[in-house]
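An overview of the molecular structure
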Amino acid sequence: MASMKLEGPSAPAIRRDPYEVLSVSRDSTDQEIKTAYRKLAFKYHPDKNASNPEASELFKEVAFSYSILSDPEKRRQYDNEGFEALENAGMDMEIDLSNLGTVNTVFAALFSKLGVPIKTTISANVLEEALNGTVTVRPLPIGTSVSGKVEKQCAHFFGVTINEQQAESGIVVRVTSTSQSKFKLLYFEHEANGGYGLALQEESEKTGKVTSAGMYFLHFQVYRLDTTLNALTMVKDPETGFFKRLEGLQPCEVAGLKAGTHIFAVYGDNFFKTATYTIEALCAKSYEESTHKLQEIEAQIIRKRSELRQFETEYRKALARFQEVTNRYSQEKQSVDELLKEREGIHASFSVSRNIGGSGSNLSNGSSSKIPGEDSNVESPGEDGDSDGKEKSAKKKWFNLNLKGSDKKPA
């Protein structure tokens, strides 16, 4: 079977400090880390360095480092315990589809179909065209939707223009696919040179009979749930996977948008075919009830994550105690069975049918045994050498029998 080489943040053979790789300090902000990553990823991307294998390895190292520092939980684990903590938790798998051959793409598609979480990077060509400002941007007015089909590893760009009132109320941009296509929803910031730099991305997720992704700029902290995080753990160890399920929650870096035109894109993430989609831009003013509910549920989920962290500790202790008492139960049950068995053996030893003096003789059916204390000196032939002994004994028994009956007077 052909092997599949997965490009992306797989651990390099020699691992360097992620902060060193991205040339940032340990107290760098999320935005500073993201900016450093974008520059290096663009510099070393395989699409731009097809004949330079060293650049490909550097790209992997940059992507691997960013996958740690861009995730608050992974960053915390690394800061506290280093790479060892990340190895115990497991790392995600991410590949660049544009850098895979046909055979490897088939395997990647198969694994994805089977439910194996596979993250994909965005084609460097798309990012370069966006940075150069050479992409076509179609207008997407607030309160409208646009449907289309985008080729794999390509993107359709849209401009959403909002006024001050709409910006203050909040904006939601969502993409759905009734054909369950895989896609990414991207948000770009305006660069000084007139181009667009990638700032946010959301992976499509299957929800019911559709796939969807959304960005919510509502002026309160909104979280995105990375379902690929710990997904393999869920398969191998559902119990641990449950406790880690909410660890995939990551805060969105942009909470609100200012008035002006904002650039979004739908990126085709299917392995072979085009992705069909519908994108819509909405003002939260028309969805005040849903906005309020979302704010409440986000807060509840974050509280639940903290509760689960504490409960996991309690659960592990209780589980260990349960295992201890279960083992004790098995031991005690065996001990009781053995004592009762020994007791039954002792009971059985109280029996006249047991062997006497080791003679090994057994009583047959209908036979009787002697009662202890009964005269055992019964005459046997030739015992005294006197044959008259038998006659005297017989007469004595007959005489005694008649004496017992002689006390009765005749009627």
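Since we're looking at a predicted model, the values are computed, not measured. Counting of residues starts from 1 at the beginning of each chain's written sequence and follows it residue by residue. Two thresholds apply to this predicted model, a pLDDT of at least 70 for residue-level local features and 80 or more for giving and counting side-chain atom pairs, whereas whole-chain, interface and lining totals are computed over all residues. Hydrogens and waters are ignored; side-chain quantities use all the structure's heavy atoms.

**Some remarks on the sheet that holds strand E7 (residues 183-190)**
Put simply, the rule is: Criterion used throughout: strands pair if DSSP finds at least two bridges between them. Helix and strand labels come from DSSP, where a helix needs a run of H or I of at least four residues and a strand needs a run of E of at least two; each type is numbered from the N terminus. Between N-to-C directions, angles span 0 to 180 degrees; the directions come from axes that are lines fitted to C-alpha atoms, helices contributing only their stretch in contact. Here, two residues are considered to be in contact whenever any of their heavy atoms come within 4.5 Å of each other.
Strand order across the open sheet formed by 5 strands is E3-E5-E13-E7-E8, with mixed pairing between neighbours. The sheet terminates laterally at strand E3 (137-139) and strand E8 (196-203), the two strands that pair on one side only. Between one strand axis and the next, the sheet turns through 30 degrees on average, direction left out of account. As paired elements, E7 and E8 share 7 bridges and run antiparallel to each other. By the bridge assignment for E8, Leu185 is matched with Glu202. Helix H2 (residues 30-44) rests against E7 and E8 of the sheet, and its axis sits at about 105 degrees to E8. Here helix H7 (residues 124-132) sits on the sheet and contacts strand E5 (155-162), E7, E8 and strand E13 (260-268); the angle it forms with E8, its principal contact strand, is near 140 degrees.

**Let's talk about the sheet that holds strand E14 (residues 275-283)**
The antiparallel open sheet is built from 5 strands, whose spatial order is E4-E14-E6-E10-E9. Whereas interior strands pair on both sides, the edge strands pair on one side only; in this sheet they are strand E4 (144-150) and strand E9 (205-207). Between one strand axis and the next, the sheet turns through 30 degrees on average, direction left out of account. Bridge count between strand E6 (residues 171-177) and strand E10 (residues 210-217): 7 bridges; the pairing is antiparallel. For Ser177, the partnering residue across the bridge sits in E10 and is Thr211.

**Side note on unusual backbone geometry**
To keep things clear, this is the line we draw: Residue burial is assigned from relative accessible area. The probe radius is 1.4 Å, only protein chains are included, and a residue is buried under 20% of its type maximum, exposed over 50%, and partly exposed in between.
Not every positive phi belongs to a glycine, and Ser23 is a case in point at roughly 60 degrees. When you line up the elements, Ser23 lands in the loop between helix H1 (18-22) and H2. Ser23 sits in the exposed class, given a relative accessible area of 63%. One non-glycine residue, Gln180, lies in positive phi territory at about 60 degrees. Mapped onto the secondary structure, Gln180 falls in the loop between E6 and E7.

**Side note on H2**
Rules: One less than the residue count of a helix, multiplied by 1.5 Å, gives the span that helix is expected to have. Each C-beta atom gives one direction from the helix axis, and the arc is the one those directions make.
Taking 1.5 Å of rise per residue, 15 residues should cover 21 Å, and H2 covers 21 Å from first to last C-alpha, within 8% of that figure. Buried within H2 we find Ile33, Lys34, Ala36, Tyr37, Leu40, Ala41 and Tyr44. Taken end-on, H2 shows its buried residues confined to a sector of 165 degrees, consistent with a single buried face.

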